[in-house]
Amino acid sequence: MVPHLTTALTGPLLELEKHFLDNATAIERWMRNRWQEHLPPFYGSTDLRNSGFKLAPVDLNLFPGGFNNLNDAFMPLCVQAAQSAVERICVGARSILLVPENHTRNQFYLQNVAKLVSILRLTGLEVRLGSLLPEITEPTVVELANGATLTLEPLERHGRRLGLKNFDPCAVLLNNDLSAGIPALMNDLQDQWVIPPLHAGWHARRKSHHAAAYDRVTQAFGAEIGIDPWRINPAWDSCSGLDFHARAGEQELADKVAAMLDDIRLKYKEYGVGDEPFVVVKADAGTYGMGVMTVKDASELIGLNRKQRNKMSVVKEGLEVHDVIIQEGVHTFETLNGAVAEPVVYMMDHYVVGGFYRVHTQRGRDENLNAPGMHFEPLAFEAPCSLPDCNQSPDAAPNRFYAYGVVARLALLAASVEIEETESAVLAEAAA
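To keep things clear, this report deals only with the structure shown in the data block.

Cut-offs applied
- Along each chain, residue indices are assigned from 1 in the same order as the chain's sequence is written.
- Given that the model is predicted, a residue must reach a pLDDT of at least 70 before its local features are reported, and side-chain atom pairs must reach 80 or more before they are shown or counted; all residues, however, enter totals for whole chains, interfaces and linings.
- Side-chain numbers here rest on the full set of heavy atoms in the structure, without hydrogens or water.
- Secondary structure elements follow DSSP: runs of H or I of four or more residues count as helices, runs of E of two or more count as strands, with numbering from the N terminus.
- Working rule for helices: expected span equals 1.5 Å times residues minus one.
- Summary of the burial criterion: residues with accessible area below 20% of their type's maximum are buried, those above 50% are exposed, and those between are partly exposed, where the area comes from a 1.4 Å probe applied to protein chains only.
- Our arc is simply the arc of the directions from the helix axis toward the C-beta atoms.
- Whenever Lys or Arg places a side-chain nitrogen within 4 Å of a carboxyl oxygen from Asp or Glu, that contact is recorded as a salt bridge.
- Two strands pair under a simple rule: DSSP has to find at least two bridges between them.
- Here the term cavity refers to a set of points on a 1 Å grid, laid over the protein atoms alone, in which a 1.4 Å probe fits but cannot get out; the term pocket refers to an open set having protein on both sides within 12 Å along at least five of seven lines, with lining residues being those that place an atom within 4 Å of a point.
- Grid points are joined across faces, edges and corners, and a volume is the space filled by probe spheres set on the points.
- Ten residue types, Ala, Val, Leu, Ile, Met, Phe, Trp, Tyr, Cys and Pro, are classed as nonpolar, four, Asp, Glu, Lys and Arg, as charged, and the remainder, Gly among them, as polar.
- Note on contacts: a residue pair is in contact if any heavy atoms of the two residues lie within 4.5 Å.
- Any pair of N or O atoms that falls within 3.5 Å is considered a polar contact. Within protein, one atom must be able to donate a hydrogen and the other to accept it, and sequence-neighbouring residues count only if both atoms are side-chain atoms.
- Within this scheme, the nonpolar core is defined by two criteria: the residues are buried Ala, Val, Leu, Ile, Met, Phe, Trp, Tyr or Cys, and they are joined through side-chain atoms within 4.5 Å.
- All axes are obtained by fitting lines to C-alpha atoms, using only the stretch in contact for helices, and the reported angles, taken between N-to-C directions, cover 0 to 180 degrees.
- Angle categories: roughly parallel below 35 degrees, roughly antiparallel above 145, roughly perpendicular from 65 to 115, and oblique for all the rest.
- Here a crossing is called left-handed whenever its near helix is offset anticlockwise from the far helix by less than a right angle, and right-handed whenever the offset is clockwise.
- Aromatic pairs are defined between Phe, Tyr and Trp rings, using the six-membered ring for Trp, whenever the two ring centres lie within 6.5 Å; interplanar angles under 30 degrees are classed as stacked, those over 60 as edge-to-face, and all others as tilted.

Here's the deal with helix α2 (residues 24-37)
- The end-to-end C-alpha distance of α2 is 20 Å, a good match for the 20 Å that 14 residues give at a rise of 1.5 Å each.
- For α2, the set of buried residues is Ala-24, Ala-26, Ile-27, Trp-30, Met-31, Arg-34 and Trp-35. One side of α2 holds all its buried residues, which, seen down the axis, span an arc of 165 degrees. Exposed and facing more than 90 degrees away from the buried side of α2 are Thr-25 and Gln-36.

This is how it looks when you write it as structure tokens:
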């Protein structure tokens, strides 16, 4: 069943969804041509926000950790897309080494790993798990709450290849975002696919780089189908050299936030939007909803209290935050059982393979939902996100999900461009 969406639909959103439906042929042709030019990431997920007048991605994860939240009905789509991804990278692949995060006590994450292993095995790959944890010195069985088990094994370096004892895989699939940097074991690997590439980890990746790539993608897409790119793209800016504890850069950050809020008000006036604009300030690198705050007035950034400064100053692995991205806030009108919700769309290769709703009963429609207290509602699409039904209304489930799928794939395309450009920068830096 598709959960009932008590979405406060407004004319502009219906108009945007109808525009996608009317231009579905042109959209799919444009997408197909772009994927001829860019190698899609092996997998990814994006958080979308639907404000009623705007439908936009607010985060893109290249190391998705929520496959366990997908409805089982998505399994055939996942396997088919994973098969396509494997064939695109190495058609003769027989085995793959999956390197997970170090969350050995997080049952939800481990169930995600188990689901990912199941998908990969159904593509015809032998799959084994290699752990970066120093305490994993021999094969270690981890029991899951649902009765299943996973076996973690210590990674071994074999020349310029990464593997396990008596296991030399064709490829290495990272489900670890490398926030703490590239482990010594992974340096200078040769003749072996590492997916995603090491420079896609948060030690090198920046949300502002992704935002810049998404700007270009949406400009081209908007010109192709005749829409204002702002309808699917949050405005953004960046601020560097911050020290939240010492309050260094505080005024510069406040000035940039004030300027963005003024720009958003102008767009709201253009589209007749009566909502109060807000921005989200978040660490330019990192994940798990850490280092994030919502701001409605620039004065809120002057004289942050100790708790606020502590919250903004560090992210995963205890890394200090000195660079932030300032992103236009997108209200969400999606609700599920009375609680504020946002769709999370999962992709493998260049296909949408499923999604779920992130729900938070204690947060408002202008707040970050990726925070303690959230939960997930699995979502089974009545039809894949690539199958709109022009005989139904624009906001009917398959058409709403088609709109989600279009915007999610644009974000994935931007990630592909971002990865390519980051690789070029890394190679240039190495050559210098």
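Quick look at the pattern of salt bridges
- This model, assessed by the stated rule, comprises 19 salt bridges.
- Here Glu-37 ties to Arg-34 by a salt bridge, and the two come within 3.3 Å at their closest N and O atoms. Of this pair, Glu-37 and Arg-34 both sit in helix α2, three residues apart, which is roughly one turn of that helix.
- Where salt bridges share partners, they join Asp-47, Arg-49, Glu-342 and Arg-358 into one cluster.

Some details on the pairing of strand β3 (residues 95-100)
- Summarising burial for β3: six of the six residues are buried, a large majority.
- Side chains of β3 alternate between two faces, with Ser-95, Leu-97 and Val-99 and Ile-96, Leu-98 and Pro-100 buried alike.
- Here four bridges tie β3 to strand β4 (residues 126-131), and the two strands are oriented parallel to one another. In the strand pairing of β4, Leu-97 is matched with Arg-128.
- Taken together, the five bridges between β3 and strand β9 (residues 171-175) define a ladder with parallel strand orientation. By the bridge assignment, Val-99 is partnered in β9 with Leu-174.

Points about empty space enclosed by the protein
- All told, the structure shown has five cavities of 30 Å³ or more when counted by the stated rule.
- By volume, the second largest cavity amounts to about 200 Å³.
- Contributing to the lining of the second largest cavity are 19 residues, with Pro-57, Val-58, His-210, Ala-211 and Gln-327 lying nearest its centre.
- Those elements that provide at least two residues to the lining of the second largest cavity are β2 (55-61), α5 (207-225) and β14 (324-328).
- When grouped by side-chain class, the residues that make up the lining of the second largest cavity number 11 nonpolar, four polar and four charged.

Observations concerning the environment of Thr-332
- Turning to its location among the elements, Thr-332 is positioned in the loop between β14 and β15 (335-336).
- Owing to a relative accessible area of 2%, Thr-332 belongs among the buried residues under this scheme.
- If we skip the residues at most four places from it in the chain, Thr-332 touches Arg-49, Asn-50, Val-340, Ala-341 and Arg-365.
- A polar atom in the side chain of Thr-332 sits 2.8 Å from the backbone oxygen of Ala-341.

Remarks on the nonpolar core
- One finds Phe-20, Leu-174, Phe-221, Ile-232 and Leu-410 to be the most contacted residues of the largest nonpolar core, which totals 57 residues.
- Discounting residues that sit within four places of it in the chain, Leu-410 has contacts with Trp-30, Met-31, Tyr-214, Val-217, Phe-221 and Ile-232.
- Phe-42, Tyr-43, Leu-116 and Leu-125 belong to the second largest nonpolar core, which has 39 residues in total.

Topic: the sheet that holds strand β10 (residues 193-195)
- Pairing is mixed across the open sheet formed by six strands, whose spatial order is β5-β6-β4-β3-β9-β10. With one partner strand each, in any of the chains shown, β5 (140-143) and β10 form the two edges of the open sheet. Direction aside, neighbouring strands of the sheet carry axes that sit 35 degrees apart on average.
- Each of β3, β4, β5, β6 (149-154) and β9 touches helix α4 (residues 107-121); the most contacted strand, β3, lies at about 170 degrees to it.

Some thoughts on the packing of helix α3 (residues 75-89) against α4
- Where α3 contacts α4, the axes come no closer than 8 Å and their chain directions differ by 60 degrees. Relative to α4, the element α3 lies oblique. Crossing geometry of α3 relative to α4 is assigned as right-handed. Side by side, α3 and α4 meet where Met-75, Cys-78, Val-79 and Ala-82 of the first sit next to Lys-115, Ser-118 and Ile-119 of the second.
- When its residues are assigned to classes, the contact of α3 with α4 shows five nonpolar, one polar and one charged.

Things to note about the layout of surface pockets
- Roughly 710 Å³ of internal volume is contained in the second largest pocket.
- Contributing to the lining of the second largest pocket are 26 residues, with Val-194, Pro-197, Leu-198, His-199 and Glu-423 lying nearest its centre.
- Within the residue set of the lining of the second largest pocket, elements represented by two or more residues are β10 and α8 (397-431).
- Residue contributions to the lining of the second largest pocket peak at six residues, all from α8.
- Its residues assigned to classes, the lining of the second largest pocket comprises 18 nonpolar, five polar and three charged.

Section: the packing of aromatic side chains
- This structure, assessed with the given rule, holds 11 aromatic pairs.
- Pairing Tyr-43 with Phe-67 gives two aromatic rings, centres 6.0 Å apart and planes at 35 degrees, and the pair type is tilted. Here the residue Tyr-43 occupies a position in strand β1 (residues 43-50), and Phe-67 occupies one in the loop between β2 and α3, the gap between them amounting to 24 residues.
- Looking at Tyr-43, the relative accessible area reads 0%, which means it is buried.
- For the ring pair Trp-230 and Tyr-268, a centre distance of 6.4 Å and an interplane angle of 65 degrees mean the geometry is edge-to-face. Of this pair, Trp-230 sits in the loop between α5 and β11 (236-239) while Tyr-268 is found in helix α6 (residues 250-271), placing the two residues 38 residues apart along the sequence. Both residues of the pair, Trp-230 and Tyr-268, belong to the buried class.

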